[in-house]
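# A look at the structure
One letter stands for each residue in the lines below.
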Amino acid sequence: GTHVKGGRTYGLAAEACEMGSGGGGNRGGSGGGVILIGTKASPVWKLTLANGGTVTSNGGTAGEMGGGGGAGGTVSATIDWRGGFSADARSRFGAKGGSGGTGGGGGGGGGVAYIRWTSPAPVQWTYEGSNVSQDVLSFRGGKATSPGEAGTSGNATSSDCPPGRAGPVCGPCPIGTYKGEW
């Protein structure tokens, strides 16, 4: 029998602004789009996702036997680091790949979740930071049906974090480490 391989990811996480491609085969899933929140010149003060809120650009599920899932797109937010980003455990921010169709459809590749933090402000400002867990960032590849293959995971990344913070959501540095500069 035939099967469809899972989709691969492409593009650069640091230049997050690409749509996901559509899945192949019969009625492959549509690709995710691009969602941009804020700009360098006009960042959002604080991004809050509550009560299972979502900002996603997921790939679509294939519609027929053997069709491939669509690739995830891009979700990018430019946030003022003084305000921060908060989300509850049920919320999602990202771009997952779509599921493959029945009978061997491969999953779409995951997209990009990118957070751009604004440049440093004067030292007297208090950093509100982020209470966002890594689970909120959603960029996994799509599921496949046997004998198809799942799509590869995408990327979650961010620009530089303020001192004492690291990772895509600028969480506190791990115990025993410290970041002293931007």
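Residues numbered from 1 in each chain as written. Predicted model: local features only at pLDDT ≥ 70, side-chain atom pairs only at ≥ 80, totals over all residues. Heavy atoms only, no water.

### With respect to the confidence of the model for the chain
Detailed conclusions should not be drawn from predicted coordinates in areas where pLDDT is low. To keep things clear, this is the line we draw: Scored between 0 and 100, pLDDT is the confidence that the predictor attaches to each residue. The helix count covers DSSP runs of H or I at least four residues long, the strand count covers runs of E at least two residues long, and both are numbered beginning at the N terminus. Every residue pair with non-hydrogen atoms within 4.5 Å of one another is taken to be in contact.
Chain-level pLDDT for the chain is 80 on average; 78% of the residues reach the 70-or-more range. Here strand β11 (residues 171–172) stands out as the least confident element of the chain, with mean pLDDT 71; strand β3 (residues 54–56) is the most confident, with 95. Across residues 121–127, where pLDDT falls below 50, the model places 11 contacts with residues more than four positions away in sequence or in other chains.

### Topic: the nonpolar core
Which entries qualify depends on this criterion: As used in this record, nonpolar core signifies buried Ala, Val, Leu, Ile, Met, Phe, Trp, Tyr and Cys residues forming a set joined through side-chain atoms within 4.5 Å. Only protein chains enter the accessibility calculation, which uses a 1.4 Å probe; a residue is then buried when its area is under 20% of its type maximum, exposed when over 50%, and partly exposed in between.
Ranked by size, the top nonpolar core spans 17 residues in total, and within it Leu47, Leu49, Ile79, Phe85, Phe93, Ile115 and Trp117 carry the most contacts. Mapped by element, the contributors of at least two residues to this core are β2 (47–49), β4 (74–79), β5 (85–87) and β7 (112–117).

### Topic: the sheet that holds β3
To be explicit about the condition: Any two strands with at least two DSSP bridges between them are considered paired.
Pairing is parallel across the open sheet formed by 3 strands, whose spatial order is β3-β6-β8. Looking at strand neighbours, the two that pair on one side only are β3 and β8 (137–138), the edges of this open sheet. Note: β3 against strand β6 (residues 92–94), 3 bridges, orientation parallel. Across the sheet, the residue bridging to Val55 is Phe93, located in β6.

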